[in-house]
Amino acid sequence: TGRAPSYAETVQFLEDQDKGKRAKLIDDRLASDEFGRHFAIYWHKLLIPKSAGAYRRIPHDKFRSWLAAGFNDDRGWDSIVTDLVTAEGYLPSNQDNELSRKKDAKLQPQNVATAFINVHNTEGRPQPKGIITSVSRLFMAQSIECAQCHNHPLAKWRKTDFWAAAAFFERVRFQKAVFEDTSIGRLMEPIEGKALEYKDEGKGRFSFVPAIYDEPVIDMENANGKRTGRMIRSRYLDRSVPELDTSKPYRSEFARWMTAPENPYFARAYTNRLWGQLLGRGFVEPVDDMSEDNPPSHPQLLAELAAEFSGSEYDIKHLIRCICNSKTYQRSSEPVSGNEKDVKLFSHQALKQLTEEQLFATLQITLPTFAAEVKRQREDKNGHLFERYFLETYETGTGPATEFTRGLQQALRTMNGDGKLFNRNAILHRGSSDEEPAAVLRRIYLQVLNRPPTAAESARMTEFVKTGIAEIKALTSQEKYRPPTPRKDQPDQTPDPYADVLWVLVNSGEYIFNH
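The structure reproduced in this document is the subject of the present report. (Residues numbered from 1 in each chain as written. Predicted model: local features only at pLDDT ≥ 70, side-chain atom pairs only at ≥ 80, totals over all residues. Heavy atoms only, no water.)

1. A look at the packing of aromatic side chains
Worth spelling out the cut-off: Paired rings are identified among Phe, Tyr and Trp, the last through its six-membered ring, by centres lying within 6.5 Å, and are further divided according to the angle between planes into stacked (under 30 degrees), edge-to-face (over 60) and tilted (the rest). The secondary structure listing takes helices from DSSP runs of H or I that are at least 4 residues long and strands from runs of E that are at least 2 residues long, numbered from the N terminus. We call a residue buried when its accessible area falls under 20% of the maximum for its residue type, exposed when it is over 50%, and partly exposed in between, using a 1.4 Å probe and counting protein chains only. Two thresholds decide whether a charge sits over a ring: the Lys NZ or Arg CZ must be within 6 Å of the ring centre and within 35 degrees of the ring normal.
Taken as a whole and assessed by the stated rule, the structure comprises 29 aromatic pairs. Judged by centre distance (6.1 Å) and plane angle (70°), the rings of Trp 77 and Phe 139 are edge-to-face. Here the residue Trp 77 occupies a position in helix H5 (residues 77-86), and Phe 139 occupies one in helix H8 (residues 128-140), the gap between them amounting to 62 residues. Judged by relative accessible area, Trp 77 falls into the buried class, the value being 2%. For Phe 139, a relative accessible area of 1% gives the class buried. Considering the side-chain rings of Trp 77 and Tyr 270, the 4.8 Å spacing of their centres and the 40° angle between planes classify their relative orientation as tilted. Here Trp 77, found in helix H5, pairs with Tyr 270, found in helix H11 (residues 266-279); they are 193 residues apart in sequence, far enough to count as distant. There is no split in this pair, since Trp 77 and Tyr 270 are both buried. Taken together through their ring pairs, the aromatic side chains of Phe 35, Phe 39, Tyr 42, Trp 43, Phe 71, Trp 77, Phe 116, Phe 139, Phe 266, Tyr 270, Phe 309 and Tyr 314 make up a single cluster. One cation-aromatic arrangement involves Lys 21 over Phe 13; the distance from NZ or CZ to the ring centre is 4.4 Å. Taking NZ or CZ as reference, Arg 171 lies 3.7 Å from the ring centre of Tyr 250, over its face.

2. With respect to the side chain of Ser 6
The line we're drawing: Any two residues whose heavy atoms approach within 4.5 Å are treated as being in contact.
One can find Ser 6 in the segment before helix H1 (7-15). Once you skip the residues sitting within four places of it in the chain, Ser 6 turns out to touch Ile 365 and Asn 450.

3. Points about the pairing of strand S9 (residues 227-233)
Note the threshold: In this scheme, strands are said to pair when DSSP sees at least two bridges between them.
Here strand S8 (residues 217-221) pairs with S9 via four bridges, running antiparallel. Within S9, the position partnered with Val 217 by the bridge is Arg 233. Where S8 folds back onto S9 in an antiparallel hairpin, the turn is made up of five residues, including Gly 225, whose phi is positive at roughly 80°.

4. Some details on helix H19 (residues 455-476)
Filter applied, for reference: How far a helix is expected to stretch is found by multiplying one less than its residue total by 1.5 Å. By construction, the arc corresponds to the directions joining the helix axis to the C-beta atoms.
End to end, H19 covers 31 Å across 22 residues, agreeing with the expected 32 Å (1.5 Å per residue, within 8%). Residues of H19 that are buried: Glu 457, Ser 458, Met 461, Thr 462, Val 465 and Gly 468. In an axial view of H19, the angular spread of the buried residues amounts to 135°, which keeps them on one side of the axis. For H19, the exposed residues lying more than 90 degrees away from the buried face are Ala 455, Arg 460, Glu 463 and Glu 471. Residues of H19 that are buried sit in contact with helix H18 (437-448) and helix H20 (497-506).

5. Thoughts on the nonpolar core
Put simply, the test is: We define a nonpolar core as any set of buried Ala, Val, Leu, Ile, Met, Phe, Trp, Tyr and Cys residues linked to one another through side-chain atoms lying within 4.5 Å.
With 81 residues, the main nonpolar core has Trp 43, Leu 47, Trp 77, Val 135, Phe 139, Phe 254 and Met 258 as its most contacted residues. Examining the composition of this core, we find that eight residues originate from one element, H11, more than from any other. Those residues in contact with Phe 139 that lie beyond four places of it in its chain are Trp 43, Leu 47, Trp 77, Val 81, Leu 84, Val 85, Phe 116, Ser 134, Met 258, Tyr 265, Phe 266 and Ala 269. Counting residues in hydrophobic clusters, the runner-up holds 28 residues, among them Phe 386, Leu 421, Ala 426 and Met 461.

6. A look at unusual backbone geometry
Of the consecutive residues Gln 108 and Pro 109, the connecting peptide bond is found in the cis state with omega at 5°. For Pro 109, the position within the fold is in the loop between helix H6 (98-106) and helix H7 (115-118). Here the amide bond leading from Glu 285 into Pro 286 is cis, since omega sits at -5°, within 30 degrees of zero. Checked against the element boundaries, Pro 286 lands in the loop between H11 and helix H12 (299-311). The backbone of Asp 74 shows a phi angle near 65°, a positive value even though the residue is not glycine. Tracing the sequence through the fold places Asp 74 in the loop between helix H4 (60-72) and H5. The phi dihedral of Asn 450 falls on the positive side, at around 60°, and the residue is not glycine.

7. Points about the pattern of salt bridges
The condition is simple: In what follows, salt bridge is the name for a side-chain nitrogen of Lys or Arg lying within 4 Å of a carboxyl oxygen of Asp or Glu.
With the rule as written, the count across this model stands at 35 salt bridges. As a salt-bridge pair, Glu 387 and Arg 378 come within 3.1 Å of each other at their nearest N and O atoms. Relative accessible area serves as the criterion here: at 48%, Arg 378 is assigned to the partly exposed category. Across the pair Arg 451 and Glu 457 runs a salt bridge whose closest N-O atoms are separated by 3.0 Å. Shared partners join several salt bridges into a network, and the residues in it are Arg 3, Glu 9, Arg 29 and Glu 34.

8. Examining the environment of Thr 362
So the rule is basically this: Contacts described as polar in this section are N or O atom pairs within 3.5 Å, which, within protein, must combine one atom able to donate a hydrogen with one able to accept it, while residues neighboring in sequence count only if both atoms come from side chains.
Along the polypeptide, Thr 362 turns up in helix H14 (residues 356-366). In this structure the C-alpha to C-alpha distance between Thr 362 and Glu 471, which are 109 residues apart in sequence, comes to 33 Å. Aside from chain neighbours lying at most four places away, what touches Thr 362 is Arg 3, Ala 4, Leu 354, Tyr 511 and His 515. Within the structure, the side chain of Thr 362 is placed 2.7 Å from the backbone oxygen of Gln 358, a separation counted as a polar contact.

9. Observations regarding the environment of Thr 133
Relative to the helices and strands, Thr 133 resides in helix H8. Assessed through its relative accessible area of 16%, Thr 133 is described here as buried. Residues Thr 133 and Leu 107 lie 26 residues apart in sequence; the distance between their C-alpha atoms is 30 Å.

Here it is in structure tokens:
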């Protein structure tokens, strides 16, 4: 669900004697709204990459909300993908103001699912070659883009395979409407249309949109991106040729073929990606390149899970239950003798770094002081800037979660966290001053790392705390000692060795991974 458990959730789970508590917890987490939001964040990054030229035009919050609703409402993966691939309508505004709301109300129908196709908009229209590259990689785990401009002697995919698949998206166009002197494009798939030219002499831009062809074909480009005049007919990636009705959308037929239970790629692709998302590594790596030259580590298990997924009508939560209730998923990340170097056979849980969103959410669960600061910042007129700066600072990208991508900048920022975050008020259950340090330390470990300390950790930290308490007592007993003067809106600066322990744990390597 995109965050570590809270202290209360950790204690409740550890004290629960029910043998089925893991399965019950998995069901509870899948039923929470946090599940959909977390998966929406994951897929938003893949569907709308920051490198896309149209990235800034996308209403990102609205698109994530649409994705989250789909995941939380138990929509099948085939249904969500079909909506993305076949979407038509106006893309909602990426701003929330009176003019934008007025524009959205006038230009109908609004469809935020068009964001996926819209992000491939260059040269006056969504480009078929960009769409099919994303569709094949994200939904079928087939890397076909190298065949866009040449035939590799050892590769399965030929240039005609690439352009035949791209032909299903050749008719996608923008129907222009005008609002307040601004041209707005409605995404659609017309069955006829003339060639169009767009010129902007001031900016030196020129775009050409070809006419709608009478047949389901596309003009194949050469290695320089120039049209060759060679028309390639629509054909699926299994090389079967459909009988397409030219009066109906081609994309719908492609989506129907792609999401069919007998499709050789669709269920396997999502199953492998989800396994990698949950366990840090897929049966096939990279997860978007399931080629014949890149066989899975566990072919039978992948096949059985994929069949289970398609048989459940692509029920994402069902597949998650299958994986998370397994002994493989529940293994410790601590290796044992003989499997220390294993990175493919899942003999122990892989260490996955928390993404920037996971870290932001987890810090709010761990530190009440951080949660209070986030709340205070959000109440400010520019409150979004605090969260945006945090996410940009701790960004991990979309690569493998097992590859640590943060560096010195992020480490120093966390270690140098100001007194607003790391003070005695950050400890949830400090207890009385005469309580045994070991009991307080156990609660701090549960608060931060969601586990009790080992015997060695407890002994080491107890000694540290007792030494700190003795030093503070010696300091405060001096005649010239004056306690820090409390200041309005300033953190409590009273020395506290328990707060130091909390600071150490939050800055530990264990905390920034999937503890």
